[in-house]
Amino acid sequence: FQGSAAEAVIAYSDAIRRAARKMEQEVPVEEGLSQRVMTFDAEIEKVSLLDETGNPTTVLQSGRPSTVAVDIIFHKDVYQPVFALTIRTLDGYLIYDTTTRWMNIDTPDFSAGKRCRIEFNLSIPLLESEYQLGVDVVASDFSHYYDRLERAMSFWVKHPEDAKGIIDLNAKVNFSTPSPAQELQ
């Protein structure tokens, strides 16, 4: 493989997903997530980034409301799946990771043949750069993935050039004159 470490991770993740689709795997009793076992009982069909007006986009204004929409089809009955969202830098640095479980959201059961759209509503106060979204659907007991897109899509955040780094902490600056008592200390 020729490329960066982040590109290698993407290529590896894509290869695992393709291989998992070709063969049905037994879900191991332990460590199904670490082995990246995918059953495709629930399959991610589409991932979209929506701006504050609900229009699909790949460019966001820093800090403005946005939505990550994930369209899923259920090929088998699935009970209370866990949905996850990650945001990473292009070199793979994890900026944000959440799941419906961590958010204390009870997800419903889904019947075979049903479709669902899950929406993560958020503001993204990142500084100007390109980032990547990842999404996955996991069994409620965390034994395996139903489906996983480690790098589902890339997007760009636009931000004024008033800071450097990854996130806009919205710093405010104040000036004051010390009182005579403070000057003696």
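Conventions used here
- Residues numbered from 1 in each chain as written.
- Predicted model: local features only at pLDDT ≥ 70, side-chain atom pairs only at ≥ 80, totals over all residues.
- Heavy atoms only, no water.
- Pairing = 2+ DSSP bridges.
- Helix = DSSP H or I, 4+ residues; strand = E, 2+ residues; numbered from the N terminus.
- Axes fitted to C-alpha atoms, helices over the stretch in contact; angles between N-to-C directions.
- 1 Å grid on protein atoms, 1.4 Å probe; cavity = no way out; pocket = protein on both sides within 12 Å on 5 of 7 lines; lining within 4 Å.
- Points joined across faces, edges and corners; volume = space filled by probe spheres on them.
- Nonpolar A, V, L, I, M, F, W, Y, C, P; charged D, E, K, R; others polar.
- Patch = residues over 30% accessible without salt bridge, like charges linked within 9 Å, V, L, I, M, F, W, Y side chains within 5 Å.
- Areas by Shrake-Rupley, 256 points an atom, 1.4 Å probe, with all protein chains shown as cover.
- Salt bridge = Lys/Arg side-chain N within 4 Å of Asp/Glu carboxyl O.
- Buried < 20%, exposed > 50% of the residue type's maximum accessible area, 1.4 Å probe, protein only.
- Polar contact = N/O pair within 3.5 Å; in protein donor to acceptor, adjacent residues only side chain to side chain.

Draft legend 1. Local environment of the sheet that holds strand E3 (residues 65–74). Across the sheet, which stays open at both edges, the 3 strands sit in the order E1-E3-E6 with antiparallel pairing between neighbours. The sheet is open, and its two edges are formed by strand E1 (42–50) and strand E6 (115–123), each paired on a single side. Going from strand to strand, the sheet's axes swing by 20 degrees on average, the running direction of each strand aside. Note that E1 and E3 share 8 bridges and pair antiparallel. Within the sheet, the bridge partner assigned to Ala 42 lies in E3 and is Phe 74.

Draft legend 2. Structural view of the layout of surface pockets. Roughly 220 Å³ of internal volume is contained in the second largest pocket. In terms of lining residues, the second largest pocket is bounded by 17 residues, among which Ala 84, Asp 97, Asp 136, Tyr 145 and Arg 148 are the most central. Elements that contribute at least two residues to the lining of the second largest pocket include exactly strand E4 (82–89), strand E5 (94–99), strand E7 (129–138) and strand E8 (145–158). Looking at the lining of the second largest pocket residue by residue, the class counts come to 9 nonpolar, 3 polar and 5 charged.

Draft legend 3. Looking closely at the sheet that holds E5. Strand order in this open sheet of 5 strands is E2-E8-E7-E4-E5, and the pairing throughout is mixed. For this open sheet the edge positions go to strand E2 (59–61) and E5, each flanked by a neighbour on one side alone. With direction set aside, neighbouring strand axes in the sheet form an average angle of 25 degrees.

Draft legend 4. Fine view of a nonpolar patch on the surface. On the surface, Tyr 93, Ile 166, Ile 167 and Leu 169 cluster together to form a nonpolar patch covering roughly 430 Å² of accessible area. What makes Tyr 93 exposed here is its relative accessible area of 52%.

Draft legend 5. Region of interest: the side chain of Ser 143. Counting through the fold element by element, Ser 143 comes out in the loop between E7 and E8. Here the side chain of Ser 143 touches Asp 141 through a polar contact of 2.7 Å, side chain to side chain. Within the structure, the side chain of Ser 143 is placed 2.7 Å from the side chain of His 144, a separation counted as a polar contact.

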